[in-house]
Amino acid sequence: MTKKYVYSFHEGNAGMRSLLGGKGANLAEMVKIGLPVPMGFTVTTEACLNYYDEDEKISEDMLSQIFQALDNLEREMGKKLGNNEDPLLVSVRSGAVISMPGMMDTILNLGLNDESVKGLAAKTENERFAYDSYRRFIQMFGNVVMEVEHDVFESIIDSVKQKKKITQDTEMDAEDWQEVINLYEDKIKEVTGREFPQDPKEQLLMSIEAVFKSWNNQRAKVYRRINKIPDDLGTAVNVQIMVFGNKGDDSGTGVAFTRNPSTGENKVYGEFLMNAQGEDVVAGIRTPQSIEQLKDVMPDIYKQFIDICALLEKHYRDMQDIEFTIENGKLFILQTRSGKRTAQAAVKIAVELVNEGLINKEEAILRVPAGQLETLLHRRIDPNAKVEAIAKGLPASPGAASGHVVFDPDEAETIGNEGQKVVLVRTETTPDDIHGIVIAQGVLTSRGGMTSHAAVVARGMGKPCVSGCEAIKIDYEKGEFQVGEIVVKKGDIISIDGSTGEVIVGEVPMIDPELSDEFNQVLKWADEVRTLKVRANADTPHDAQVALEFGAEGIGLCRTEHMFMAPDRLPIVQQMIMSETKEEREKALSKLLPIQQEDFEGIFKVMEGLPVTVRLLDPPLHEFLPNAEDLIVEISELKAKGCSKELEAKQEMLKKVRALSEMNPMLGLRGCRLGLLYPEIYIMQVKAILKAACNLTKRGIKVITEIEIPLVGHELELKTLREIVEETADKVFAEEGTKVHYFIGTMIELPRACLTAEEIANSADFFSFGTNDLTQTTFGFSRDDAEGKILPHYVEQRILSDSPFIVLDRKGVGSLMKMAVEKGRDVKSDLLIGICGEHGGEPSSVEFCHMIGLDFVSCSPFRVPIARLAAAQAAINFAR
Ligand code: PEP
Ligand code: MG
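For the structure given in this document, a descriptive report is provided here.

Thresholds, definitions, all that
- Residues numbered from 1 in each chain as written.
- Chains lettered and ligands numbered in written order.
- Predicted model: local features only at pLDDT ≥ 70, side-chain atom pairs only at ≥ 80, totals over all residues.
- Heavy atoms only, no water.
- Donors = N, O, S within 2.8 Å, 3.2 Å for Na, K, Ca; no water.
- Helix = DSSP H or I, 4+ residues; strand = E, 2+ residues; numbered from the N terminus.
- Buried < 20%, exposed > 50% of the residue type's maximum accessible area, 1.4 Å probe, protein only.
- Pairing = 2+ DSSP bridges.
- Axes fitted to C-alpha atoms, helices over the stretch in contact; angles between N-to-C directions.
- Parallel < 35°, antiparallel > 145°, perpendicular 65-115°, else oblique.
- Left-handed = near helix turned anticlockwise from the far one by under 90°.
- Contact = heavy atoms within 4.5 Å.
- Salt bridge = Lys/Arg side-chain N within 4 Å of Asp/Glu carboxyl O.
- Phe/Tyr/Trp six-rings, centres within 6.5 Å; stacked < 30°, edge-to-face > 60°.
- Lys NZ or Arg CZ within 6 Å of the ring centre and 35° of its normal.

Distances from the magnesium ion (ligand 2) to its protein donors, E749 (OE) and D773 (OD), fall at 2.0 to 2.2 Å. Pair noted here: E749 is in the loop between β30 (742–748) and α29 (751–755) and D773 is in helix α31 (residues 771–779), with a separation of 24 residues, a long-range link. The class of E749 is buried, set by a relative accessible area of 2%.

What follows is the structure in structure tokens.
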């Protein structure tokens, strides 16, 4: 049986999207519900794929189906394509399954030739219109099908205008357009060696082929890559009779959304132009009128249009984006599709459609793209502002900020405290820079990835950060950075957009976040359906408070090292690290104990009654010391000044820095290895945690404490440390004269931990996937370097579809996680398992966590709403 490659608009419906493309399916559906649609037919996406299978040839079979459909259309319209007296004219447009606006090609007015143009002129009694239409057709056909550069046509028009001494297209008369047409035809022959085809059927076939080909043009390919649309879907082609909005003052054309696509307001929003074609509205040469003004120009058409908007919305149960044309006082709907919208509009429309009874709560939850919520939670650049980025880095922490460029964190602190807004610009940040980050509006680094120090810290604080922006070359000495020819000096104002990674010179208009009632409503509905709990990664009482306000149900990761970095503790931590003996170390640690205890009391109090996972110290110790190069500079300066005492101290420190230096610190002395080599550090931390818990419990405040050991790869690492924790706990309880319940668990962030999870589970009350490290160690990608240097190329070359540090790699890292869940729960069926890597706030990763049966995800406070929504969407899509 031969395959059906061509469908009349009478044959299709909205459900046939994958075969007819979005546009074709919708046109057929509109015909079905009785709307005034210009008739036509659709050549299917399968036809496009067949065209490629047949080495870019239209098969005989397909050809005869196309001509049969044309025959039927001609009969229905009572006109013949390209007839000399009253020509039927058609448009040929692409229509992919997933809309790719503007990416592929369109041809209008097909069927005109040197003879039929006269028929059109006679029939419409409008010579100018006829010749203008014909030249537009030759121009589009010449460009899209015969591949003659657009400029060639433009310069011909210019030359005729110059000759006539006119400047506007509207001043061109029929004769002028005839002259243009002759020049166009000659030029096409000259450039391509082929005549512009006069046979309408040949025009049609060549155009259909050109649309098939446009599936693989450069911009379509790039668009698909960016939007993750598969390459093997192909495009359908719609052949549709032309209706003209430029036939006089009772004609016009426009575009409208059934609701406002930026705010969501329930009011038809759009524009139209009388006596114009669609491209005139888009081109912006004439200023269109707002749709409301149509009421005055053509009241009946306005009413009919508004009724159709309501009907289409009801029919599709969603906000629609509609194109229409009025031809001699008759309204035609050319296209309808679900309208693209901002996050704010998505939320408002979803909630209102539920209130209007058009969709249910679950559909509303699915209608809001969880990732897009991010834009509502932070200050952002006004989307109407015209901005030009000078460089692009990684979108490491969302939101936008403007401020004076400062390179030095101390200076940032000073200037910031004076009330100036600053953006801290560094090659990379270290824990030493924290005070500069705290005061800055945002952070820009030229190195480091999404999980770099700057990114993690900024995200935790809800501050914008662009990291790994390798295009900026920083010169600290000169106090400037350079991007190509552009030099930005200390004190200049820049803006950064941490949601896109863009860096802009100067200040740009911003919009403040605003959490609407509808936003809270959608999240409330999400909470009713999700099964995953959502916690936050928070290290301070303030962050914990923010997390609670965003709906966190506990803390999934409190990184205690951030407590060590505050300016009042760092000297004590450094003293501890510099110690030669255990006793000396313990002495320094004893100074830290009450400070740490206070930290924990603060957090526990905010999180009253909710679980708090506190991770014992994880990073390599050298991170708390200045870097060697800085020390060398300081030492030589001190030598010059002759400050001997300070000099000695710095020299000692340099010695220690060198002694601690490792080739691969991320794989070195960190995590539980630190706890095993220097148990006194962990003992101090456990004491601080449990003393805090005892204290609050005595005051009637409920505390749920989870003590977490990082970077475990062998069961005995955890077993040994568990014993130390338990011994310490017993001592604390004896001292405090009270006992609190607590849990001991581990991060799962090494492949070996996953492979031996059944052994590790024996000593663990809970698991929490540290997928930042697990991704690093599974791929063998350094998390601080790969995102800037390797992964953009991988994504560009489609080796990976996303950075695995952003979107969890289900196949590799995910398989290890799944294995760890199964093995862990084989030993302990009720083992609590969560995730606290950055993936915990990324929608696709949250979905995966739901699918493999985790109990909770944990992410930075500002991403908690995203995770709540994504968890609900996963629960709806993948009921467990
Ligand atoms: C992780 O590795 O995923 C994690 C949460 O820990 P950190 O980012 O602090 O290494
Ligand atoms: Mg880790």
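Backbone hydrogen bonds are what pair the strands of a sheet, in a parallel or an antiparallel way. If you walk across this open sheet you meet the three strands as β20-β21-β22, and the pairing is antiparallel. Every other strand in the sheet has two partners, leaving β20 (473–475) and β22 (486–489) as the edge strands with one partner each. In this sheet, neighbouring strand axes are inclined to one another by 20° on average, regardless of whether the strands run parallel or antiparallel. Two elements, strand β21 (residues 480–483) and β22, share four bridges in a ladder whose sense is antiparallel. Residue pairing for β22: E480 is matched across the bridge by K489.

Further remarks concern the packing of helix α3 (residues 60–77) against helix α8 (residues 200–214). Following both chains from N to C, one finds α3 and α8 inclined at 120°, their axes separated by 12 Å at the closest point. Between α3 and α8, the angle falls in the class oblique. Considering how the two elements wind past one another, α3 and α8 form a crossing that is right-handed. On the side of α3, the interface is formed by M62, L63, I66, F67 and L70, while α8 contributes K201, L204, L205, I208 and F212.

Enumeration according to the criterion identifies 62 salt bridges in this entry. When the shortest N-O distance is used, the salt bridge between K247 and E327 registers 3.3 Å. Taken together, the residues K247 in the loop between β7 (235–241) and β8 (252–257) and E327 in strand β11 (residues 320–327) connect sequence positions 80 residues apart. A relative accessible area of 23% means that K247 is categorised as partly exposed. The partner of E758 in a salt bridge is K823, and the shortest N-O contact between them spans 3.5 Å. Of the two residues, E758 is situated in helix α30 (residues 757–760) and K823 in helix α34 (residues 810–827); the sequence distance between them amounts to 65 residues. Among the residues examined, K823 registers a relative accessible area of 24% and is labelled partly exposed. Put simply, R259, E313, K348, E352, E356 and E518 are held in one network by salt bridges that share partners.

Moving on, we get to the packing of aromatic side chains. A full pass over the atoms with the stated rule returns 17 aromatic pairs. Measuring from ring centre to ring centre gives 6.3 Å for F407 and Y476, while their planes differ by 80°; the resulting arrangement is edge-to-face. Of this pair, F407 sits in the loop between β16 (400–406) and α16 (409–417) while Y476 sits in the loop between β20 and β21, and the two are 69 residues apart along the sequence. Residue classification places F407 among the buried residues on the basis of a relative accessible area of 5%. On the numbers, 6.4 Å between centres and 80° between planes, the contact of F407 with F481 is edge-to-face. Of this pair, F407 sits in the loop between β16 and α16 while F481 sits in strand β21, and the two are 74 residues apart along the sequence. A residue is classified by how much of its surface remains accessible, and F481, at 0% relative accessible area, is buried. Members of the aromatic cluster, each reached through a chain of ring pairs, are Y134, F137, F141 and F196. A cation over an aromatic ring shows up here: K4 above the ring of Y7, its NZ or CZ 4.6 Å from the ring centre. Lying across the ring of W215, R224 places its NZ or CZ 3.8 Å from the centre.

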